[in-house]
Amino acid sequence: MSFGIPAGKFFVPGPTEVRAEVLVAMSQPMTFHRDPPMEALMARVTTTLCSVFGTARRVHVLTGSGTSAMELAIRNGTVKNVLSVIHGDFGERFARIAEACGRAVTRLKAEPGDVVPLDRIREALQRGGFDAVLVTHSETALGVLADVAAIGRIVAERGDCLLLVDAVSAAGATPVESDAWGLDAVVSASQKALALPPGLAFAAVSERLVARARTLPDRGAYLDVLKYEDFTARQQSPTTPAIPLLYALDRQMADVEKETLPGRFTRHASMAKACVEWVGRHEHLGISVMARAGLGSPAVTCIKSPIPTREVQARMRKEGYELGGGQAEFIANTFRVGHMGDHTVGGMGAMLDVLGSVLQSR
Ligand SMILES: *Cc1c(COP(=O)(O)O)cnc(C)c1O
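Residues numbered from 1 in each chain as written. Predicted model: local features only at pLDDT ≥ 70, side-chain atom pairs only at ≥ 80, totals over all residues. Heavy atoms only, no water.

> Can you lay out the domain arrangement of the protein for me, pointing to particular residues and giving the numbers?
On domain assignment, one finds that the protein holds domain 1 (20-257) and domain 2 (261-360). Contacts between the two partners involve 27 residues from domain 1, matched on the other side by 21 residues from domain 2. Buried surface at the junction of domain 1 and domain 2, both sides included, amounts to about 2000 Å², of which 62% is carbon and sulfur. Sorting the residues of domain 1 by area buried against domain 2 places Leu142, Gly143 and Ala173 first, and these three jointly supply 22% of that buried surface. The tally of links between domain 1 and domain 2 comes to one salt bridge. A salt bridge links Arg292 to Asp114; the shortest N-O distance between them is 3.0 Å. Between domain 1 and domain 2 we count nine residue pairs in polar contact (both at pLDDT 80 or more) in total. If you list the elements that add at least two residues to the side of domain 1 that touches domain 2, you get helix 2 (36-53), helix 4 (89-100), strand 7 (144-145) and helix 9 (243-259). The element contributing the most residues to the side of domain 1 that touches domain 2 is helix 4, with three residues. Across the side of domain 1 that touches domain 2, the residue classes break down as 14 nonpolar, nine polar and four charged. (Domains from an automatic or database assignment. Contact = heavy atoms within 4.5 Å. Buried area = accessible area lost by both parts, 1.4 Å probe. Salt bridge = Lys/Arg side-chain N within 4 Å of Asp/Glu carboxyl O. Polar contact = N/O pair within 3.5 Å; in protein donor to acceptor, adjacent residues only side chain to side chain. Helix = DSSP H or I, 4+ residues; strand = E, 2+ residues; numbered from the N terminus. Nonpolar A, V, L, I, M, F, W, Y, C, P; charged D, E, K, R; others polar.)

Structural data, given as structure tokens:
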């Protein structure tokens, strides 16, 4: 069975390309999830995950997509009124999850391709009444990176306000310093910059968030952070985990450690830079980068295109490449290059060569 996309040619911003070695790791026999081998696996992967999230606390591993960890952050880290900093469609989703959990949301929206100015965030917080701020670190819809460290400093000025961060496409692609930046929840998922198959979510939470969770009556069952605190401390998971995905995670984290995180961040930054420069050299084709200069995400570049998105994707598919479409109001006239995970500057360059000729043939 095959979907016709050759290995090395999947440039969608999640799920991203998964290397054969990682896929093979999933085909090992089952083990019981409360036995020593699985505890040893959990002990191994949590060390590397702690550095990915920049925290000394253990990172929770959930079976679920990234959205499950976003909901965990909301249910356990917010009380009533949240301020949502929105840089694109994923920011909007975070806000809607909060609303679905019964929270009142105030939105601060950026112009497309831009970020919300820090002064606007500070002003909104001064008006007061917010118990948490939500922000997307790398906004995958428009390819914009937020300055989470700076937002962390602003939120820290307001005593009891927590900062919850969607780092789904950021974690593993760019530094995320949960402890140093004062972040109370940082969530991610397996299928983005960590280049695993979809199905696992990750949540790094602060002591402050755990203390708040103890006071909240509606933590639910599956996403109750207190259960994760209890089980993760014993290298276990509250419910049966997606065992094959944990095998893949174990294999991938060993490789991430070999490459080193700084090496991984540099590779992502180089891919983003090369992609943006390539678009700059092809302005005559009518294309341009959505993100304002200097605000681009290291994991994904969103490109405005005079040729309809579906047409670009169809032409590239004929050449064996899969690109991401646009999102929300940009669905028809932008496409996205996911340069995350285990992709390389060389592999992406080969794809862009093909893209150049495909866009030229009008
Ligand atoms: C992919 C993505 C999500 C959604 O994750 P799911 O795994 O589909 O639930 C959320 N936020 C961002 C920034 C993403 O890139």
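That covers the picture; the talk isn't over yet.
> Please provide a residue-by-residue account of the pairing of strand 8 (residues 162-166), values included.
With five of five residues buried, strand 8 lies mostly within the body of the structure. Burial along strand 8 is two-sided: Leu162, Leu164 and Asp166 and Leu163 and Val165, pointing in opposite directions, are all buried. Strand direction decides the pairing type here: strand 5 (residues 132-136) and strand 8, joined by five bridges, are parallel. Residue pairing across strands places Val135 opposite Val165, the latter belonging to strand 8. Across three bridges, the pairing between strand 8 and strand 9 (residues 185-189) is parallel. Bridging from a neighbouring strand, Asp166 pairs with Val187 of strand 9. (Buried < 20%, exposed > 50% of the residue type's maximum accessible area, 1.4 Å probe, protein only. Pairing = 2+ DSSP bridges.)

> Kindly report on the sheet that holds strand 3 (residues 81-86), identifying the contributing residues and their values.
The strands that make up a sheet pair up through hydrogen bonds in the backbone, lying either parallel or antiparallel. Taken together, seven strands build an open sheet; the order of strands is 2-10-9-8-5-3-4 and the sheet is mixed. The strands lining the two open edges of the sheet, one partner per strand, are strand 2 (60-63) and strand 4 (104-109). Across the sheet, the mean angle from the axis of one strand to that of its neighbour is 20°, orientation sign disregarded. Alignment of strand 3 against strand 4, held across six bridges, turns out to be parallel. When the bridges of strand 4 are listed, Ile86 appears paired with Lys109. Sheet strands in contact with helix 3 (residues 66-77) are strand 2, strand 5, strand 8, strand 9 and strand 10 (200-205), and its direction is about 165° off that of strand 9. (Axes fitted to C-alpha atoms, helices over the stretch in contact; angles between N-to-C directions.)

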